[in-house]
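Residue strings, one per chain:
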Amino acid sequence: MENKNIILTGDRPTGRLHLGHYVGSLKRRVELQNSGNYDEINILIADDQALTDNADNPGKIRENIINVVLDYLSVGIDPTKSTICVQSALPALHALTFYYMNLVTTARLSRNPTVKAEIQLRGFADEGLPAGFFAYPVSQAADITAFDANVVPVGEDQLPMLEQAREIVEKFNRVYGETLVMPKAMIPENETQRRLPGVDGKAKMSKSLGNCIYLSDTASVIKKQVNGKMYTDPLHLQITDPGHTEGNVVFTYLDALCTDEHFAEYLPDYANLEEMKEHYRRGGLGDGTCKKFLLNVLEETLSPIRAERAKWEKDIDAVYDIITEGTARAVEKTNATLARVRKAMRIDYFNDRSIVKEWEELLKKAKQ
Ligand code: TRP
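Residues numbered from 1 in each chain as written. Predicted model: local features only at pLDDT ≥ 70, side-chain atom pairs only at ≥ 80, totals over all residues. Heavy atoms only, no water.

Turning our eyes to something else, we now look at the pairing of strand β3 (residues 82–86). In terms of burial, β3 is a largely internal element, five of the five residues being buried. Residues S82, I84 and V86 point to one face of β3 and T83 and C85 to the other, with burial holding for every one of them. One ladder, built from five bridges, connects strand β2 (residues 40–45) with β3; its direction is parallel. Its bridge partner lying in β3, L44 is registered against C85. (Buried < 20%, exposed > 50% of the residue type's maximum accessible area, 1.4 Å probe, protein only. Helix = DSSP H or I, 4+ residues; strand = E, 2+ residues; numbered from the N terminus. Pairing = 2+ DSSP bridges.)

Taken together, L8, T9, G10, R12, A46, Q49, Q140, D143, I144, V152, V154 and Q158 form the complete shell of residues around the ligand. Between R12 and the ligand, the recorded distance is 3.5 Å, taken from a side-chain N or O atom to an oxygen atom. Protein chains shield 90% of the accessible area of the ligand, which is 370 Å² for the free molecule. The residue makeup of the shell around the ligand, split by class, is five nonpolar, five polar and two charged. (Near = heavy atom within 4 Å. Polar contact = N/O pair within 3.5 Å; in protein donor to acceptor, adjacent residues only side chain to side chain. Areas by Shrake-Rupley, 256 points an atom, 1.4 Å probe, with all protein chains shown as cover. Nonpolar A, V, L, I, M, F, W, Y, C, P; charged D, E, K, R; others polar.)

Quick look at a negative patch on the surface now. On the surface, a cluster of negative charge is contributed by D315, D317, D321 and E325. For D321, the location among the structural elements is in helix α17 (residues 316–344). Overall, the relative accessible area of 40% leaves D321 in the partly exposed class. (Patch = residues over 30% accessible without salt bridge, like charges linked within 9 Å, V, L, I, M, F, W, Y side chains within 5 Å. Salt bridge = Lys/Arg side-chain N within 4 Å of Asp/Glu carboxyl O. Lys, Arg positive; Asp, Glu negative; His and termini not counted. Charge placed at Lys NZ, Arg CZ, Asp CG, Glu CD.)

A few words now on the side chain of R108. Tracing the backbone through its elements, the reader meets R108 in helix α5 (residues 106–110). Polar contacts involving the side chain of R108 include one to the side chain of E167, which spans 2.8 Å. Setting aside its immediate chain neighbours within four residues, R108 contacts E163, Q164 and E167. (Contact = heavy atoms within 4.5 Å.)

Attention now goes to the environment of Y280. Here Y280 is to be found in helix α15 (residues 273–282). A C-alpha to C-alpha distance of 49 Å links Y280 and K4, two positions 276 residues apart in sequence.

We now examine the packing of aromatic side chains. Tallying each qualifying case throughout the model produces seven aromatic pairs. Aromatic pair F124 and F133: ring centres 5.1 Å apart, planes at 65 degrees, arrangement edge-to-face. Within the aromatic cluster, the residues linked to one another by ring pairs are Y100, F172 and Y176. The residue whose ring lies beneath R12 is Y136, and the NZ or CZ to ring-centre distance is 4.6 Å. Sitting over the face of the ring of Y214, R16 holds its NZ or CZ atom 4.3 Å from the ring centroid. (Phe/Tyr/Trp six-rings, centres within 6.5 Å; stacked < 30°, edge-to-face > 60°. Lys NZ or Arg CZ within 6 Å of the ring centre and 35° of its normal.)

Buried residues dominate strand β1 (residues 6–11), accounting for five of its six residues. The sheet contact formed by β1 and β2 spans six bridges and is parallel. What sits directly across from I7, in β2, is I41. In this view, the connection linking β1 to its parallel neighbour β2 by way of helix α1 (residues 19–35) has right-handed handedness. (Right-handed = clockwise from strand over helix to strand, strands pointing away.)

The next subject is the packing of helix α4 (residues 91–100) against α17. It is the contact of α4 with α17, at a shortest axis distance of 9 Å, that shows an interaxial angle of 30 degrees. It follows that α4 is roughly parallel to α17 by the angle criterion. At the point where α4 passes α17, the crossing takes the left-handed sense. Along the contact surface, α4 presents A92, L93, A95, L96, Y99 and Y100, while α17 presents T334, N335, L338, V341 and R342. Tallied by class, residues from the contact of α4 with α17 come to eight nonpolar, two polar and one charged. (Axes fitted to C-alpha atoms, helices over the stretch in contact; angles between N-to-C directions. Parallel < 35°, antiparallel > 145°, perpendicular 65-115°, else oblique. Left-handed = near helix turned anticlockwise from the far one by under 90°.)

With that settled, the discussion passes to the environment of N37. Locating N37 in the fold gives a position in the loop between α1 and β2. Distance in space between the C-alpha atoms of N37 and R16 is 29 Å, their sequence separation being 21 residues.

A separate point is the packing of helix α12 (residues 219–229) against helix α16 (residues 287–313). At their nearest, the axes of α12 and α16 sit 10 Å apart, and the two run at 150 degrees to each other. With respect to their mutual orientation, α12 and α16 come out roughly antiparallel. Judged by the twist between their axes, the crossing of α12 over α16 is right-handed. In this structure, α12 contributes A219, I222, K223, V226 and N227 to the contact, and α16 contributes K291, L294, L295, L298, E299, L302 and R306.

What follows is the structure, encoded as structure tokens:
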């Protein structure tokens, strides 16, 4: 095991990525990628994990692999610096999952708070819980360890997965000897990045709630979402009324996205967001002006992403080559880890013929 700085992160390909993904993780991935501080960046399109709660709808996963890759490329994930790979094509992950299952109890899996919440959300509590879904934190531990990742940038909701992965690593190394790299979660620094609410103020952007701004949305769709659905301050009826900026989605989004340069360019009445907020709280600043400014900020953030996506959309062959090459690299890497794991577990029977001798001696001894 070398001492390298290796990142692994990933997404379930169940839909297009949205502004919440951008603010909460994609933007930072690009920064980490370009920081020069990491020996490897691996990004896993977790289609197998997505199947654990979409077994009856594999078509949805198949469709969204391309959407997710396009979203990655359009935000600036650079395939010459980051390895983008597809989980189902990495057989080592399946084998590792199977071995790690023996190191986790069902009682421990039942306590994972994220899985618990998801079980309720998906209705599995009534319908019956698929064993694969129940065990997906184990498969996520396989993802992480297969790449020897020491850093795993994820959202807060993934902390329980990291905790379980760390426990599995600890147990594996204790039982079979130092083999696996201990991973650590890296979560977004500030609150607004951690959870950007939906345009309607609901805690999360979700496709079924229709409260998302997708990275691939057109300017007119975004305008509709902001002007039609975005929640402001229900007590701010007249422009002259004092307003609240906390819990006001327009300001939450501005917190996450706007810079002083945006003010210089689009709203020079204020030097920065603090000044704008003060005016809003005092009264005299209308929601229309705030939304118009936010739309400018959103356009400036999203139009280069949209343009980049349009470019890649014209060359799906090239996108296919990118994930083919990334996946091939990942196959090598994860197979090497699996070989190491099998050796540590002493189930590496077919590496060489040395076990023939071992068995012969054993049989000889038994006869003595
Ligand atoms: N569970 C993660 C999510 O839902 C996706 C994921 C799968 C992942 N494997 C991973 C994240 C490995 C980090 C590392 O967002």
